[in-house]
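# Inside the fold
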There are 2 protein chains.
Amino acid sequence: MPEEIKAIQSRVERRDAAENRQRILVAAHKLFEQYGVDQVSMNQIAAEAQIGPGTLYRRYANKGELCLDLIKDSVVRFFEDIEQYLLQNQQEPADHRLKGILKIFMPFIEKKAQLLTGGKGSASAQRLPYQSQNPLYNKMHQIAVELFDEMTAADHPSPNSIFKADMLLIAISIDSYFYQRDVRGYSPDEILEHLCSTFI
Amino acid sequence: MPEEIKAIQSRVERRDAAENRQRILVAAHKLFEQYGVDQVSMNQIAAEAQIGPGTLYRRYANKGELCLDLIKDSVVRFFEDIEQYLLQNQQEPADHRLKGILKIFMPFIEKKAQLLTGGKGSASAQRLPYQSQNPLYNKMHQIAVELFDEMTAADHPSPNSIFKADMLLIAISIDSYFYQRDVRGYSPDEILEHLCSTFI
DNA sequence: TTGACATACGGAGACCTCTCCGCTTAATAT
DNA sequence: ATATTAAGCGGAGAGGTCTCCGTATGTCAA
């Protein structure tokens, strides 16, 4: 019996562990707010949370993971927004809907940029936009693929749509986005227009 | 007199400095070869070169710069290849030439991937493909812009071409390229085809 | 309750990046 | 030859990431 239960509920978080997790989140939030994500070290966070570095790293292998945990809720809300938008615009053509999604996406990454990239200096660092292979990337990708497929009337996972979706997402990765904004000097709207004329 | 000469020849490299530079390059090359770029630290390089860390950092602010210096010659040769290709294919349509350039470019980044990204874990790290804003990126960009302009018969620096060139280059950035190859499982040729159908 | 034990803790420490600054030395003018 | 001096050197050290492992403590079965 016990083994089965354990297997199912896959381990309960210990009380002290849960408390420490809270302390970490609070400490990180405070320090990030005050100094900016880049300027805060894992050490500082551990100190502020009054735990040892080992305890911090046991939970978050690097600052990126911690950041991701910190914005988990925003991400959930973001996808709810997307879902709602898609529902309310079902009758619009796919290209229009994709543009609409980008319009929601861009302010989001602008607002959460620091946390999304999460201090990229790290040995066990991550590849690709928004440390790709994370849920955010994959879910956005899936949505984009569906819309591209719909545009070309292809059956669902068309290789071409998969590729285009990858390209679109990398094009609005944090780095690329801020490059266009800060170096090329485009406004968010201009970026959006360019994206559409290139990819849609 | 002396001041004028100094101003003109803008400083001569001191003999000991030149020697150390050589030692660094040799040491780095050896260690990179043996352990892989990522696994070699600046400290190790300094030790192998028998110089202090300060001396190493005085010349190269980070591993990326050192890597770039290490492949400077390959980059020059690469652009000579491009130039020659463009010369020999002047009569071909612009899209064909762009594809040809990608065909030269892809093996190049495949071969030099490690050195081009140059151990990305670094505080003063770099943005964008091939630590963008470096000569390689800018020159490739310029070439792509010209070809895009030619395709659309636009006068030279058309905003649209500039954007498309940025997107194309980011699409074949190391990260993106190896993502397509290793995660999506495409062969270089397939990637090339997809790139063309998306961007050209 | 009380073991038993999986989980979690914490800090010492290995190794890293990068800076600072007093000392050294090559190049030049005299 | 010698003095001057700017360029270069090197290593101590501040502060970071991340690991390892002996110790402590929740949790659960009995």
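Cut-offs and rules
Residues numbered from 1 in each chain as written. Chains lettered and ligands numbered in written order. Predicted model: local features only at pLDDT ≥ 70, side-chain atom pairs only at ≥ 80, totals over all residues. Heavy atoms only, no water. Helix = DSSP H or I, 4+ residues; strand = E, 2+ residues; numbered from the N terminus. Buried < 20%, exposed > 50% of the residue type's maximum accessible area, 1.4 Å probe, protein only. Contact = heavy atoms within 4.5 Å. Areas by Shrake-Rupley, 256 points an atom, 1.4 Å probe, with all protein chains shown as cover. Near = heavy atom within 4 Å. Polar contact = N/O pair within 3.5 Å; in protein donor to acceptor, adjacent residues only side chain to side chain. Core = buried A, V, L, I, M, F, W, Y, C linked by side-chain atoms within 4.5 Å. Axes fitted to C-alpha atoms, helices over the stretch in contact; angles between N-to-C directions. Parallel < 35°, antiparallel > 145°, perpendicular 65-115°, else oblique. Left-handed = near helix turned anticlockwise from the far one by under 90°. Nonpolar A, V, L, I, M, F, W, Y, C, P; charged D, E, K, R; others polar. UniProt positions renumbered as here; feature names shortened; annotations may be inferred. Expected span 1.5 Å × (residues − 1). Phe/Tyr/Trp six-rings, centres within 6.5 Å; stacked < 30°, edge-to-face > 60°. Salt bridge = Lys/Arg side-chain N within 4 Å of Asp/Glu carboxyl O. pLDDT = per-residue confidence, 0-100.

### Quick notes on the overall build of chain A
- A tally of helices and strands in chain A yields 11 helices and zero strands.
- For chain A, the α and β elements follow one another from N to C terminus as α-α-α-α-α-α-α-α-α-α-α.
- Looking at chain A as a whole, 46% of its 200 residues are labelled buried.
- Of all intrachain contacts in chain A linking residues separated by at least 6 positions in sequence, the fraction that spans at least 24 positions is 64%.
- Working note: accessible area of chain A is about 10,800 Å², and carbon and sulfur atoms make up 50% of it.

### Thoughts on the environment of Asp175(B)
Residue and element names in this part refer to chain B.
- Among the structural elements, Asp-175 can be located in helix H10 (residues 174–183).
- Asp-175 gets classed as partly exposed once you look at its relative accessible area, which sits at 21%.
- Between the C-alpha atoms of Asp-175 and Thr-117, which are 58 residues apart in sequence, the distance is 9.0 Å.

### As for the protein's contact with DNA strand D
- The local shell around DNA strand D holds 26 residues, among which Arg15(A), Asn43(A), Tyr57(A), Arg14(B) and Asn20(B) are the closest.
- Counting only atoms of DNA strand D within 4 Å of the protein, the sugar-phosphate share comes to 72%.
- Take Asn43(A): an N or O atom from its main chain is 3.4 Å from a phosphate oxygen of DNA strand D.
- Between Arg14(B) and DNA strand D, the recorded distance is 2.5 Å, taken from a side-chain N or O atom to a base nitrogen.
- Elements with a minimum of two residues in the surface near DNA strand D: helix H3 (42–49) and helix H4 (53–59) of chain A together with helix H2 (15–35) and helix H4 (53–59) of chain B.
- Broken down by element, the surface near DNA strand D gets its largest block of residues, five residues, from H4(B).

### Things to note about the side chain of His141(A)
- As for its placement among the helices and strands, His141(A) is situated in helix H8 (residues 135–152).
- The residues touching His141(A), leaving out its near neighbours within four places in the chain, are Ile162(A), Ala165(A), Asp166(A), Leu169(A) and Arg184(B).

### Considerations on the nonpolar core
- In this structure, Ile45(A), Leu195(A), Ile45(B) and Leu195(B) are the most contacted members of the largest nonpolar core, which totals 119 residues.
- Those residues in contact with Ile45(B) that sit more than four places away from it in its chain are Ile24(B), Ala27(B), Ala28(B), Leu31(B), Phe32(B), Val40(B), Leu56(B) and Leu66(B).

### Thoughts on the packing of helix H10 (residues 174–183) of chain A against helix H9 (residues 159–171) of chain B
- Where H10(A) meets H9(B), the closest approach of the two axes is 12 Å, and the angle between their N-to-C directions is 155 degrees. In terms of their interaxial angle, H10(A) and H9(B) are classed as roughly antiparallel. Handedness of the H10(A)/H9(B) crossing: right-handed. Contacts between H10(A) and H9(B) involve Ser176(A), Tyr179(A) and Gln180(A) on the former and, on the latter, Phe163(B), Asp166(B), Met167(B) and Ile170(B).
- Looking at the contact of H10(A) with H9(B) residue by residue, the classes come out as four nonpolar, two polar and one charged.

### A closer look at the UniProt feature "DNA-binding region" (unreviewed entry) in chain A
- When the UniProt feature table is mapped onto this chain, "DNA-binding region" (unreviewed entry) is found at residues 41–60 of chain A.
- For residues 41–60 of chain A, the end-to-end C-alpha separation is 13 Å, with 75% helix and 0% strand making up the annotated structure.

### Notes on helix H11 (residues 188–199) of chain B
- Along its 12 residues, H11(B) runs 16 Å from first to last C-alpha, staying within 8% of the 16 Å computed at 1.5 Å per residue.
- Residues of H11(B) that are buried include every one of Ile191(B), Leu192(B), His194(B), Leu195(B), Cys196(B), Thr198(B) and Phe199(B), and no others.
- Tucked inside the fold, the buried residues of H11(B) contact helix H9 (159–171) and helix H11 (188–199) of chain A together with helix H7 (94–117), helix H8 (135–152), H9 and H10 of chain B.

### Topic: the packing of aromatic side chains
All names here are of chain A.
- One pass over the structure, following the stated rule, counts 11 aromatic pairs over all chains.
- For the pair Phe-78 and Phe-105, a centre-to-centre distance of 5.6 Å together with 50 degrees between the ring planes defines the contact as tilted. Of this pair, Phe-78 sits in helix H6 (residues 72–88) while Phe-105 sits in helix H7 (residues 94–117); the two residues are 27 residues apart in sequence, bridging distant segments of the chain.
- Note on Phe-78: relative accessible area 3%, which makes it buried.

### Some details on the pattern of salt bridges
- In this structure the tally under the stated criterion is 23 salt bridges over all chains.
- The shortest N-O distance in the salt bridge between Glu13(A) and Arg21(A) comes to 2.3 Å.
- Look at Arg21(A) and you get partly exposed, because its relative accessible area is 24%.
- For Arg181(B), the salt bridge goes to Asp182(B), with nearest N and O atoms at 3.1 Å.
- Take Arg181(B): its relative accessible area is 26%, and that puts it in the partly exposed class.
- A single salt-bridge network, built from bridges that share partners, covers Glu13(B), Arg21(B), Arg59(B), Asp69(B) and Lys72(B).

### As for the side chain of Asn20(A)
- Mapped onto the elements, Asn20(A) comes out in helix H2 (residues 15–35).
- Every residue in contact with Asn20(A), bar those within four places of it in the chain, is listed here: Ile51(A), Thr55(A) and Arg59(A).

### Some words on helix H5 (residues 63–70) of chain B
- If you check which residues of H5(B) are buried, you get Lys63(B), Gly64(B), Leu66(B), Cys67(B) and Asp69(B).
- Against the buried residues of H5(B) lie H2, helix H3 (42–49), helix H6 (72–88) and H7 of chain B.

### Details of the confidence of the model for chain A
All names here are of chain A.
- Looking at chain A as a whole, its pLDDT mean stands at 90, while 88% of the residues score no less than 70.
- Below pLDDT 50 for its whole length, residues 1–9 participates in two contacts with residues either more than four positions away or in separate chains.
- Across residues 122–129, where pLDDT falls below 50, the model places 18 contacts with residues more than four positions away in sequence or in other chains.

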